[in-house]
Amino acid sequence: EHGLTARAAMADTKGAAWALAHHGRQQIAPPGRTRQAIADLPTTALRLPIETTEALAKTGLTTIEPLTRMPRGALARRFGIDCMRRLDQALGTEPEPVAPARAQPVFSVRLTLPDPIGLTKDVMAGLDRLLERLCRDLERHQMGARTLRLTARRVDCVSESAEISLARPGRDPMRLRDLFIPKVDAMDAGFGIDALHLLATVTEPLKPTQLTQAHRETEAAKLADLLSRIGNRVGFENVLRFLPAESHIPERAFTIAAAAHSDAEPWPDQGRPPRPITLFRPEPLGQPPGTPPARFQWRGRTYTTEDAQGPERLAPEWWWDDPDWRTGPRDYWRVQTAEGPRLWLFHTPAHPAWYAQGAFA
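Everything numeric in this text was worked out from a predicted model, so none of it was measured.

Cut-offs applied
Residues numbered from 1 in each chain as written. Predicted model: local features only at pLDDT ≥ 70, side-chain atom pairs only at ≥ 80, totals over all residues. Heavy atoms only, no water. Phe/Tyr/Trp six-rings, centres within 6.5 Å; stacked < 30°, edge-to-face > 60°. Helix = DSSP H or I, 4+ residues; strand = E, 2+ residues; numbered from the N terminus. Lys NZ or Arg CZ within 6 Å of the ring centre and 35° of its normal. Polar contact = N/O pair within 3.5 Å; in protein donor to acceptor, adjacent residues only side chain to side chain. Salt bridge = Lys/Arg side-chain N within 4 Å of Asp/Glu carboxyl O. Buried < 20%, exposed > 50% of the residue type's maximum accessible area, 1.4 Å probe, protein only.

Enquirer: I would appreciate a short explanation of the packing of aromatic side chains in the present structure.
Expert: Working definition: an aromatic ring pair is given by the centre-to-centre distance plus the angle between the planes. Taken as a whole and assessed by the stated rule, the structure comprises 8 aromatic pairs. Where Phe 242 meets Phe 254, the ring centres are 5.5 Å apart and the plane angle is 65 degrees; that geometry is what we call edge-to-face. Of this pair, Phe 242 sits in strand E5 (residues 240-244) while Phe 254 is found in strand E6 (residues 254-258), placing the two residues 12 residues apart along the sequence. A network of ring pairs unites the aromatic residues Phe 280, Phe 296, Trp 298 and Tyr 303 as a single cluster. Over the aromatic face of Phe 280 sits the side chain of Arg 299, whose NZ or CZ is 4.8 Å from the ring centroid. When the ring centre of Trp 325 is taken as reference, the NZ or CZ atom of Arg 330 above it lies at 3.7 Å.

So, in C-alpha cells, the structure goes:
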C-alpha cells in the first residue's frame, strides 16, 4: 500500500537465504543444493565489505563459484579471514545460529475476590496487594511503569477501568497508590466487584539509584510527583515546560515542550538584563514624547513613567525574515510605572515608534 516491495528467500543457511533475497533470481533453494543455488551470484551476496568485493573484482573473482574452487589458505591470506568465514557460513560449513527475539515481559497481576466488594477502601486494599506484586516484578526486571490501568470486573460482567500516567518511570507502590485514589473514587461498583486486574501498559527501563545521587533524585522525584498529579487531572498534554533556545530574539529564545517527556535545562546567564515573566506580541503605543516616554497610553489606560532602565539594543537575525522585525533594531527599556505595572517597552529608531511587548512580575 505504501509502494514498497519485499523479497523473501529460503535456504539451508542464513547467509544463502540473505544472498538469494538480495541478488538471486530464484527465492527458494532446494534442500542440500545451497552451493548450486548461490554459485552464480555476485560476491557482494556474501555480505562482505565493499573494499573486499572490489579487491576480488580486480582479480577477476566476481561471482561466488570461483571462490569455492580456490585454495583456502591463499584466499584467506590475500582477502582476509572474513572472506572465508562468510563463504563458509553461506555454504553451511560454519554455523551461524539464528537467535529469535525474546518476548518482552508483560507486567500484569490479578486478584479474584471471594465476595463482591463495593467500597472505595476495599478496592484500595485490593489495589495495595496488586501494586506490591507488580512493583516487585518491575524491580526484578529493572523497569518502571509510565502508564497503569486498573480494571475492576463487576458481578454483572461489566468492567470499570481507571488509568494513570506518570511524568517519569516509577515503581514505588505508595506513589502509584496516591494517583489511583481519585480514579477509584469515580468508579461505579454496581452490585459489587469480584475481580481486579492491574496492568502496566507502558514501561521503560529504570535502573537502581546511586546512593550519592539520593538527594538529587529525591528532588527530581518530588517534581515528577507534582507533574504526575497535575497531568492526571488536566491531561499531560496541557502540562508544558519552557526550554531555552539559541536565539537573542525574545520570541525565539525559548521552546515549549511537554513537561512529562522533557528534562529541565538551565537557562543561559550571560549577564544580560532580565526578561519579563509575560511576553506578548508588540502592541503599539504611538509616538509619545521622551526617551523613554514620560507618559503613554496602553490598553486604554494612561501610565506615568516613574523609573526606567535601558536601553538594550537587539538587532534582527539576518537569516530569519520575521515580519515583526522588518522595522530594524529595537531599543528595549524596563519601565516602572506610577500606576503599578512594570512593562517592557521598546523603540524602533529606524521607524520611530514605541511598543509594549512584556510585563514583569
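Enquirer: What should I look at first to understand the side chain of Arg 171 in this one?
Expert: Residue placement: Arg 171 occurs in the loop between strand E3 (159-170) and helix H8 (173-185). Engagement of the side chain of Arg 171 in a polar contact is seen with the backbone oxygen of Met 143, the distance being 2.9 Å. A distance of 2.9 Å separates a polar side-chain atom of Arg 171 from the backbone oxygen of Leu 206.

Enquirer: Just to check I follow, could you spell out the pattern of salt bridges for this structure?
Expert: Side chains that differ in sign of charge can pair as their charged atoms come close. Enumeration over the complete set of coordinates arrives at 23 salt bridges. Residue Glu 163 is joined to Arg 149 by a salt bridge in which the shortest nitrogen-to-oxygen separation is 3.3 Å. Residue Glu 163 is found in strand E3, and its partner Arg 149 is found in strand E2 (residues 143-154); the two are separated by 14 residues along the sequence. For Glu 163, a relative accessible area of 37% puts it in the partly exposed group. With relative accessibility at 31%, the residue Arg 149 sits in the partly exposed group. The closest approach of N and O atoms between Asp 188 and Arg 154, which form a salt bridge, is 3.5 Å.

Read these as spatial facts, not as claims about activity.
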